[in-house]
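# Commentary on secondary and tertiary structure
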Amino acid sequence: MWEKVQQTVKYIQDKINVAPQYGVILGSGLGSFADDITIEHAIPYSELPNFPVSTVEGHAGKLIFGTIGDKNVVAMQGRFHYYEGYSMQQVTFPVRVMKYLGVEKLIVSNASGGVNSFYKVGDVVLIYDHINMMPEHPLRGTNDGRFGPRFLNMSEPYSRAMIAKAKEIAVAKGIDVKDGIYLGLQGPTFETLSEYRMVKILGADCVGMSTVPEVIVARHMDIECFGISVITDMGDSDGVGSVSHDEVLAAANAAEPKVRLLIKELIAGD
Ligand code: HPA
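Residues numbered from 1 in each chain as written. Predicted model: local features only at pLDDT ≥ 70, side-chain atom pairs only at ≥ 80, totals over all residues. Heavy atoms only, no water.

## Some points on the pairing of strand β1 (residues 22–26)
- A large share of β1 lies buried, amounting to five of its five residues.
- Of the two faces of β1, the one lined by Tyr22, Val24 and Leu26 and the one lined by Gly23 and Ile25 are each fully buried.
- Note that β1 and strand β4 (residues 71–77) share five bridges and pair parallel. Looking at β4, one finds that Leu26 is bridged to Gln77.
- Two elements, β1 and strand β5 (residues 105–114), share four bridges in a ladder whose sense is parallel. From the neighbouring strand, Tyr22 faces β5, where its bridge partner is Lys105. (Buried < 20%, exposed > 50% of the residue type's maximum accessible area, 1.4 Å probe, protein only. Helix = DSSP H or I, 4+ residues; strand = E, 2+ residues; numbered from the N terminus. Pairing = 2+ DSSP bridges.)

Below is the structure:
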């Protein structure tokens, strides 16, 4: 793994001279954030050695390099999901690469189903914790101490400082944000009524199929993380039963300007 990561990093650095401080991973229907980046380079995943290739509809599959304000940024347009059949090592490989390109802060966005009855479709949720219910752990196996520790402290996976900053921005810009706990399941099915109820009983506010592996691996390498989720459907007795991928994309697209603005200001104003 170490050699593969360094090989990919070297390939990128030989091709383009970049040192991004910020990494951004864009979720379903949230990909137009790339328009906020002054793009200097875009490399399709297919060109990158050791990179998996993205397959999901709504994910373009390239690594974008550029600036937001005076900050250097690398953004993944299209991410890898466990349900696509990738191993957890493949899902999180790009985060490892980001670290050795220079990334110190990672911003991850996603679409999720809400189970908190104070939420509604279109809400923007700042993730302050997660519950990992995915069946495979990205850090399972021999630990390479060059990346990080064997037993990782997960008491603050999402940076309190970045959440506080995002809340200030939200107030200043008049954007309504909630905060909440994200529970990660493998998918690819949406949840049954009973599973949504389980998610709620387990103490989460929303549920999705991504983010958790990337954040674990980022924290393994001591990258500060910020997670933002758009509630695209409600897994409660009112909303459940109607969710489809198209609805998820439509709701994420509708909320996207708010997410874009928050992320942009979070980076530019740092
Ligand atoms: N469940 C799981 N993943 C999701 C959902 C959901 O309801 N909505 C968007 N991603």
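## Concerning the site of the ligand
- Around the ligand sit Ala111, Ser112, Gly113, Phe190, Glu191, Tyr196, Val207, Gly208, Met209, Thr232, Asp233 and Val248, and those are all the residues in its vicinity.
- Measuring from a nitrogen atom of the ligand, one finds a backbone N or O atom of Ala111 at 3.3 Å.
- Here Asp233 contributes a side-chain N or O atom positioned 2.6 Å from an oxygen atom of the ligand.
- The fraction of the free accessible surface of the ligand (260 Å²) that becomes covered by protein chains is 96%. (Near = heavy atom within 4 Å. Polar contact = N/O pair within 3.5 Å; in protein donor to acceptor, adjacent residues only side chain to side chain. Areas by Shrake-Rupley, 256 points an atom, 1.4 Å probe, with all protein chains shown as cover.)

## Things to note about the packing of helix α1 (residues 2–15) against helix α2 (residues 88–101)
- At a closest axis distance of 9 Å, the pairing of α1 and α2 adopts a crossing angle of 60°. One element, α1, and the other, α2, form an angle in the oblique class. Of the two possible hands of crossing, α1 and α2 adopt the one that is right-handed. Every residue of α2 that contacts α1 at Trp2, Lys4, Val5, Gln6, Thr8, Val9, Ile12 and Gln13 is listed here: Phe93, Arg96, Val97, Tyr100 and Leu101.
- Residues belonging to the contact of α1 with α2 are distributed by class as follows: eight nonpolar, three polar and two charged. (Axes fitted to C-alpha atoms, helices over the stretch in contact; angles between N-to-C directions. Parallel < 35°, antiparallel > 145°, perpendicular 65-115°, else oblique. Left-handed = near helix turned anticlockwise from the far one by under 90°. Contact = heavy atoms within 4.5 Å. Nonpolar A, V, L, I, M, F, W, Y, C, P; charged D, E, K, R; others polar.)

What is shown is where atoms sit, not what they do.
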